4 protein chains.
Amino acid sequence: MKASIIGPTGYTGRELVKILLKHPDIEDLYLFGRRQIYFHEEYPEFIGVFEKEIEKIDAKKIVDVSDIIFIALPHKISMEVTPMLRLQKNDVRIIDLSADYRLENSESYFKAYETEHKDPSFQGKYTYGLCEAKRNDIKKSRLIANPGCYPTSILLPLLPLLEKDCIEGTIIADSKSGASGAGKKLNHMLHFVENNENIVPYKIFKHQHTPEMMQFISSYGGSRDLIFTPHLLPVERGILSVLYIKIKESFKNEDIRNLFEKRFKSEIFVRVLGENDVPSLSRVKNTNFCDIGVFIDPEKEYIVIISAIDNLVKGAAGQAVQNMNIMFGINESKGLK
Amino acid sequence: MKASIIGPTGYTGRELVKILLKHPDIEDLYLFGRRQIYFHEEYPEFIGVFEKEIEKIDAKKIVDVSDIIFIALPHKISMEVTPMLRLQKNDVRIIDLSADYRLENSESYFKAYETEHKDPSFQGKYTYGLCEAKRNDIKKSRLIANPGCYPTSILLPLLPLLEKDCIEGTIIADSKSGASGAGKKLNHMLHFVENNENIVPYKIFKHQHTPEMMQFISSYGGSRDLIFTPHLLPVERGILSVLYIKIKESFKNEDIRNLFEKRFKSEIFVRVLGENDVPSLSRVKNTNFCDIGVFIDPEKEYIVIISAIDNLVKGAAGQAVQNMNIMFGINESKGLK
Amino acid sequence: MKASIIGPTGYTGRELVKILLKHPDIEDLYLFGRRQIYFHEEYPEFIGVFEKEIEKIDAKKIVDVSDIIFIALPHKISMEVTPMLRLQKNDVRIIDLSADYRLENSESYFKAYETEHKDPSFQGKYTYGLCEAKRNDIKKSRLIANPGCYPTSILLPLLPLLEKDCIEGTIIADSKSGASGAGKKLNHMLHFVENNENIVPYKIFKHQHTPEMMQFISSYGGSRDLIFTPHLLPVERGILSVLYIKIKESFKNEDIRNLFEKRFKSEIFVRVLGENDVPSLSRVKNTNFCDIGVFIDPEKEYIVIISAIDNLVKGAAGQAVQNMNIMFGINESKGLK
Amino acid sequence: MKASIIGPTGYTGRELVKILLKHPDIEDLYLFGRRQIYFHEEYPEFIGVFEKEIEKIDAKKIVDVSDIIFIALPHKISMEVTPMLRLQKNDVRIIDLSADYRLENSESYFKAYETEHKDPSFQGKYTYGLCEAKRNDIKKSRLIANPGCYPTSILLPLLPLLEKDCIEGTIIADSKSGASGAGKKLNHMLHFVENNENIVPYKIFKHQHTPEMMQFISSYGGSRDLIFTPHLLPVERGILSVLYIKIKESFKNEDIRNLFEKRFKSEIFVRVLGENDVPSLSRVKNTNFCDIGVFIDPEKEYIVIISAIDNLVKGAAGQAVQNMNIMFGINESKGLK
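Residues numbered from 1 in each chain as written. Chains lettered and ligands numbered in written order. Predicted model: local features only at pLDDT ≥ 70, side-chain atom pairs only at ≥ 80, totals over all residues.

Visitor: Help me out: how do you make sense of the packing of helix α7 (residues 149–163) of chain D against helix α12 (residues 313–327) of chain D in this one?
Guide: Axes are the key here: two packed helices are described by the angle between their axes and the distance separating the axes. Residue and element names in this part refer to chain D. Packing of α7 against α12 leaves a shortest axis separation of 8 Å and a crossing angle of 95 degrees. One finds that α7 runs roughly perpendicular with respect to α12. Contacts from Cys149, Thr152 and Ser153 in α7 reach Lys314, Gly315, Ala316 and Gln319 in α12. Taken together, the residues of the contact of α7 with α12 sort by class into 2 nonpolar, 4 polar and 1 charged. (Axes fitted to C-alpha atoms, helices over the stretch in contact; angles between N-to-C directions. Helix = DSSP H or I, 4+ residues; strand = E, 2+ residues; numbered from the N terminus. Parallel < 35°, antiparallel > 145°, perpendicular 65-115°, else oblique. Contact = placed C-beta atoms within 7 Å. Nonpolar A, V, L, I, M, F, W, Y, C, P; charged D, E, K, R; others polar.)

Following this line, the structure appears as structure tokens:
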């Protein structure tokens, strides 16, 4: 299998390179970008390991050499590049790690990203690649919108509750993310002296990942709301999300743990932890796992669900490769264990 | 004024030393402890600054030399030492930074700390020293139980809502604390390699500060519950608490900001931040401030209140000195600005 | 005494504000800068503490309101602003924290900073404000060039050896600095993800502070050389310098400790540590101390001298205020303990 | 090939498990230790990945099931366990990651580790497994003493200079190590609050790795000395060593870069960086590389050589596996790229 990455110089792109280089079914890996440099010039840790040139984006060439194309461009850029790829070949296979094809309509895209969508006729045509929820759709898809990092950490632990319609009222998600989630672009909040020895909540009620989550949650019916508070942590990678959820009267808090264990029993990348065991970033670092802790007190109004992922792996590049494995019908964990 | 600190070798004790050394009304500062060493041997940053001997605890001497006694011993130890001080002098003035006199009855103490209280007849006789809530009681008190660090960060922002009885149902508090809050005692969770690049939630539904908070909340009537999720952060100091609160129907979300601004207008150590301004640890580090951010969306089921304090200052030693200032009728911010 | 700071928005400027606000002899503190904003807008931790406007630089006004002017502008900017101040008043008192007046001739300035000096007639007219070395000159000076942070950490421990002419051959200085030393300007090396969990040596043989150190070292005669290796650490503040020095045959390694103890005995801000005691950043953080460890093995070819300072205090703002105290004949440690 | 690890619960043991699990030639991996628990109980990140029981140490069984035995026990313990293995089988293959068989005589062991060696007749019978220096010896050995982490970072960049006999006088090595190098045992210096935001030099002139390095250096003849200053960094992993070396008059500083490039040209795990390129921890993290920077100024008395390794990989487990690959004649980089 031959793969291309468009936009490999961001942190997500680098992670994709790392994973795909070890993937036993990838025989060739091509890199394309907006600047023509060598990958190891941008990331000198790859000297002697992978000294590939990043070629200037050339839609024809990309499509010609690739069985699968990963787009790791920033949002707003992806939707400029992607149409050119489809023009070259109707049934091209794309896994887009940007946000550009996650939202199904232009209004919500405009609201979240403050830009007109430039390829609106393809909104809604991508499968939302949350593997554990959409496996069957992914198998049949050629176009995948890889979920955001925060949404992955929040929607995965919501799955058993959404599927059984257990949630009453508003979902509260208090999420803490490592700095790599904010990308490589310089920014005052990410200046070492500012982020170090600090934790900063931001974009309260306003984070651009909220519509993506609401769209997914609404697809299960009902009219639930979501309050999402992201925080920036002084660590490189990982997201820990704590969910506070009220269970409908028709369910008992005590039954929820069982629900989780059943739902994820056969999911290779979701680990429901034991009763007094707590997820944390260090346990999932550099892995494609989503760890979930289920905390139940029968006398409390809410249950507490805690998840941990590596934002660059399960929250980005790892899930993208998991999507590829599903699309191509190969072992879902290939290259990811 | 002459002050003594019993137990100055912990992180809270050290912070007290720092603050009291700069306090213009403290003419003498004595140190007492379980081990007889020099303070600068324990904390070499004090070489040339404060090279005082820590004397072995001697109740008579302590009471004789002190106008005010700060107890910075671990819980369970304070209640062994304190009765000896009172025996020496009936009306001794004590500010106890341990947890031993915060709870009003032995059952809740046993539940929280898994030990029989050894001085139960004095439980309930201490004023709970949350300065902004109990100022008038503190003025008249000789015995102060200084609040815990998490409770300070959570109860202060609850004050306006409790006083006006605005809260519907359960209060959710998602708190993140620096490692100094867990003390100086070696512990696997606090080993550098374990805490670094990590965030770990712990004691979900079970943290020993919960009864202290519930006792305070209940004192305002009603039967509200509290869900409290503490986390350990890879930073030295600071607590950030995010509160998710449902407002009673008789109030409007939009009015809550005004409530906070009014309530804290004349409080020198509580800063209600502007509308889009967000509390963070670095802003309150080494200060006695509690910063509060009020986030309101009229369409949401909950409001979001965020507080930040320095756990060792406003959450411990700073608040203790503020209590002293109030007790002695001197300017509340003396030595704390 | 009335003081002005020109350029208070950098990390050094902020530190100066902190120190001067607590200085008992400073009755008024004025801020001037290139942008007209409020200080607490730039540094919100000062809300409710110091909400002063930063006025646009106005040479006449600055000179009129100030007994002493601190310049905390970046190098290259200071030498544009300073001549205007002197034009207003011949005998204005200035403490310049930039690098612009540390070097005595234009060639070495050009070599170090790759710019023509714009005020060359005043190079050499400033006293190099390394307080412990130049106290008598400082007393008589109106123009002080405050030393760089690395030079302070390296030249102070060299003092006893330079004064007694003990050093044979090249001095080796291996220095490690916190990120605040590199300033507030965004920069890839200081992006959190890059600096975190890392240590990076830089500008080997080429750091711009080398000529400043060589000028000072040469002033003691002889033709010693210096090899200086700076590193960037994943901490906010502090510099640790390790010096490897060969002692001339006319001296014995064993006598060096005594030399240090004697030389610094009466220096309030230099602490020569005991024999097995080692300097570290945390001990000097937020203080004006320079801690020095002297390590001698009679059988070794070199002695090892280790120093630690807080780069923003003794390495910048603290030393600047110490200089002011000396200039004005007040207690040298006023406002600094 | 079947491998056993004795002592897998330390940080080095965990790293060995990670590497051996991915090694294509290892078909079975057995764990033995002093406590009988499951590996994933000690390291919960291995839940669902490697849930193997650690069996109680049983010399007969270990020897029976293993083609190769890795000893990751602390020093002083290894020399108690190892003789039992040899008793079972004369020609057992052992790679010992502890310090117990690195020193060739009992006196230097006693001096470094303050204990009598318990298996002195086998001191000197182990090959010192610095792969790039001892490849031919390793091929023929059954007993390997895996080098210490600091020695690996210092001796590798010394190799070209030792082999060509270029070094004049004393070698100066200023090394900075991440906290994992100090192990998992609780220790005040490694308590988060103490190590965070700090850098601490320690054991100046006295570190136990010095005799190991001196033994290796002396084996090249001459009577060079070494001054070694280790520091503890607030990062998890990595060692950066800066070497200051005087070159003999018969060589020119300018020729040294060439010497390094030639010497390491065919070494897969040593990367000599380009002229202005500087080693750093993040580039070698989680890899078996040793990056080397060569800094030459023809006018300086010393050259500066900088190396960076991951202390747990090239400085421990990775080098151990590289040793195994060499012993068994398989591709030296197998399982390590």
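Moving on, there is more to tell.
Visitor: It is not clear to me how the pairing of strand β1 (residues 2–6) of chain A should be interpreted in this structure. Could you clarify?
Guide: Across a regular strand the side chains alternate sides, sitting on one face of the sheet and then on the other. All names here are of chain A. Counting buried residues in β1 gives 4 out of 5 residues, a clear majority hidden from the surface. Relative to strand β2 (residues 28–33), β1 runs parallel, the two being bridged by 5 bridges. Residue pairing across strands places Ile6 opposite Phe32, the latter belonging to β2. You can see the chain leave β1, run along helix α1 (residues 11–22) and come back into β2, and the turn it takes is right-handed. (Buried ≥ 20, exposed ≤ 12 C-beta atoms within 10 Å, placed from the backbone. Pairing = 2+ DSSP bridges. Right-handed = clockwise from strand over helix to strand, strands pointing away.)

Visitor: Which parts of the structure should I look at to understand the packing of helix α1 (residues 11–22) of chain C against helix α12 (residues 313–327) of chain C?
Guide: Residue and element names in this part refer to chain C. Here α1 crosses α12 at 45 degrees, and the two axes come no closer than 9 Å. Here α1 is positioned oblique relative to α12, judged by the angle of their axes. Seen along the crossing, α1 lies across α12 with a hand that is right-handed. Residues Thr12, Glu15, Leu16, Ile19 and Leu20 of α1 touch α12, and the partners they reach there are Val313, Ala316, Ala317, Gly318, Ala320 and Val321. Of the residues in the contact of α1 with α12, the class split is 8 nonpolar, 2 polar and 1 charged. (Left-handed = near helix turned anticlockwise from the far one by under 90°.)

Visitor: In this structure, what is going on with the sheet that holds strand β9 (residues 200–201) of chain A? I would like to understand it.
Guide: What links the strands of a sheet is backbone hydrogen bonding, and the strands pair in either a parallel or an antiparallel sense. All names here are of chain A. Sheet architecture is open: 7 strands sit in the order β9-β10-β8-β11-β14-β13-β12, paired in mixed fashion. With partners counted over all chains shown, the strands left at the sheet margins are β9 and β12 (270–272), one partner each. In the sheet, strand β13 (residues 290–295) pairs with strand β14 (residues 303–309) via 5 bridges, with the strands oriented antiparallel. Bridge pairing in β14 links Asp291 to Ala308.

Visitor: Before we go on, may I ask you to explain the domain arrangement of chain A in this structure?
Guide: Often, the extent of an interface is quoted as the loss of accessible area upon association of its parts. Residue and element names in this part refer to chain A. Assigned domains within chain A: domain 1 (2–125) and domain 2 (150–311). For domain 1 versus domain 2, the distance between C-alpha centres works out to 27 Å. Counting residues per element, the side of domain 1 that touches domain 2 draws most heavily on helix α5 (residues 106–113), which supplies 4 residues. Its residues assigned to classes, the side of domain 1 that touches domain 2 comprises 4 nonpolar, 2 polar and 3 charged. (Domains from an automatic or database assignment.)

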